[in-house]
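# Descriptive structure summary
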Amino acid sequence: MSKFEINNIQPAIEADLQHGTYIVLLNVRDLPPHLLLMSRGELFSLSIKGPKLHLPLELQLKLIKRAQIPSIFVKLNAEIHVQEGVIYKQAVSSTLAFSKADVGFATCLSPIKAFCDAIFHINTGEANFIYELLPLLDKKGFVEGYHGINMQPYMIVNTFFMEKYSMQTIYDSITSAVAV
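A brief structural summary. (Residues numbered from 1 in each chain as written. Predicted model: local features only at pLDDT ≥ 70, side-chain atom pairs only at ≥ 80, totals over all residues. Heavy atoms only, no water.)

## Quick word on the sheet that holds strand β10 (residues 159-163)
Our working definition: Strands are treated as partners if at least two bridges between them are detected by DSSP. Strands are runs of DSSP state E lasting at least 2 residues, helices are runs of H or I lasting at least 4, and numbering of each runs from the N terminus. Should any heavy atoms of two residues lie within 4.5 Å, those residues are considered in contact. Structural elements are reduced to axes, namely lines fitted to C-alpha atoms, with helices fitted over the stretch in contact, and the angle between N-to-C directions of any two is expressed from 0 to 180 degrees.
Taken in spatial order, the 3 strands of this open sheet run β1-β10-β9, and their pairing is antiparallel. Strands at the two margins of the open sheet, each flanked by one partner only, are β1 (3-6) and β9 (155-156). Summarising the sheet, β9 and β10 pair through 2 bridges and their orientation is antiparallel. Its bridge partner being in β10, I156 is matched across the sheet by T159. Packed on one face of the sheet, helix α5 (residues 130-139) meets β1 and β10 and runs near 40° to β1.

Spelled out as structure tokens, the structure:
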């Protein structure tokens, strides 16, 4: 499989992460990485157990630091399109639109796509992977920047080369998580 380049990753400043809207790629070295949406310092995600709402960034940062989890925070230009209160409400409703991550129905990318469709008024239907969604958002000018935590050992000149993966890889990950 080929690789997807995420360029110009800057070190994340924790205080800055409390503001704005982000797509979070948690454990980017895992295939597939887990994806979350973040607004106003609160995380929203879809897992095999269902939607998770209002997870405090501080708790996630403690885990990221303690376990040395390489993570990328993709800052979105969402605030220029709508008011921040609308963004937060859309993060909640996009996450709640799915009952759980399940083979053939939804992945952790599903609420992020729904959010981007609603906020940016773009069609993300053809983007089945984060490495397809990010170039679409970037091309339309919706990505403000990339910020990393624990990324330095895995980058070459501020660039991370993520392995592309298949839908079967996602399904296998969901199936193995259900089995645990």
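## With respect to the pattern of salt bridges
Rule in force here: Only one rule defines a salt bridge in this text: a Lys or Arg side-chain nitrogen within 4 Å of an Asp or Glu carboxyl oxygen.
In the structure shown here, the tally under the stated rule is 3 salt bridges. Measuring nitrogen to oxygen at the nearest pair gives 2.4 Å for the salt bridge that ties E163 to K3. Residue E163 is found in strand β10, and its partner K3 is found in strand β1; the two are separated by 160 residues along the sequence.

## A few points about the pairing of β1
Applied cut-off: Exposed residues in this analysis have more than 50% of their type's maximum accessible area, buried residues have under 20%, and partly exposed residues fall in between, with area computed by a 1.4 Å probe over protein chains only.
Of the two faces of β1, only the one carrying F4 and I6 is buried; K3 and E5 on the other face are not. Here β1 runs beside β10; their pairing, made up of 4 bridges, is antiparallel. Residue F4 lies in a different strand from β10, and its bridge partner there is M162.

## A short note on the packing of aromatic side chains
Cut-off, in case you're wondering: Aromatic pairing here means that ring centres of Phe, Tyr or Trp (its six-membered ring) are within 6.5 Å. Orientation follows from the plane angle: under 30 degrees is stacked, over 60 is edge-to-face, and everything else is tilted. Two conditions define a charge located above a ring, namely a distance within 6 Å from the ring centre to NZ of Lys or CZ of Arg, and an angle within 35 degrees of the ring normal.
Applying the stated criterion across every chain yields a total of 6 aromatic pairs. Taking 5.6 Å as the distance between ring centres and 80° as the angle between the ring planes, the aromatic pair formed by F44 and Y88 counts as edge-to-face. Linking F44 in strand β5 (residues 42-47) with Y88 in helix α3 (residues 84-96), this pair joins segments that are 44 residues apart in sequence. Judged on exposure class, the residue F44 and its partner Y88 are both buried. Between R40 and the ring centre of Y88, over which it is positioned, the NZ or CZ distance is 3.9 Å.

## Overview of the sheet that holds strand β3 (residues 21-26)
Strand order in the open sheet formed by 7 strands is β2-β8-β7-β3-β4-β5-β6, with mixed pairing between adjacent strands. Looking along the sheet, the strands with just one partner apiece sit at the ends: β2 (9-11) and β6 (50-56). Across the sheet, the axes of successive neighbouring strands diverge by a mean angle of 30°, strand direction being ignored. Sheet topology note: the β3/strand β4 (residues 34-39) ladder contains 6 bridges and is antiparallel. In the sheet register, T21 faces β4, and the bridge partner there is S39.

Without other data, these values stay purely geometric and don't point to any function.
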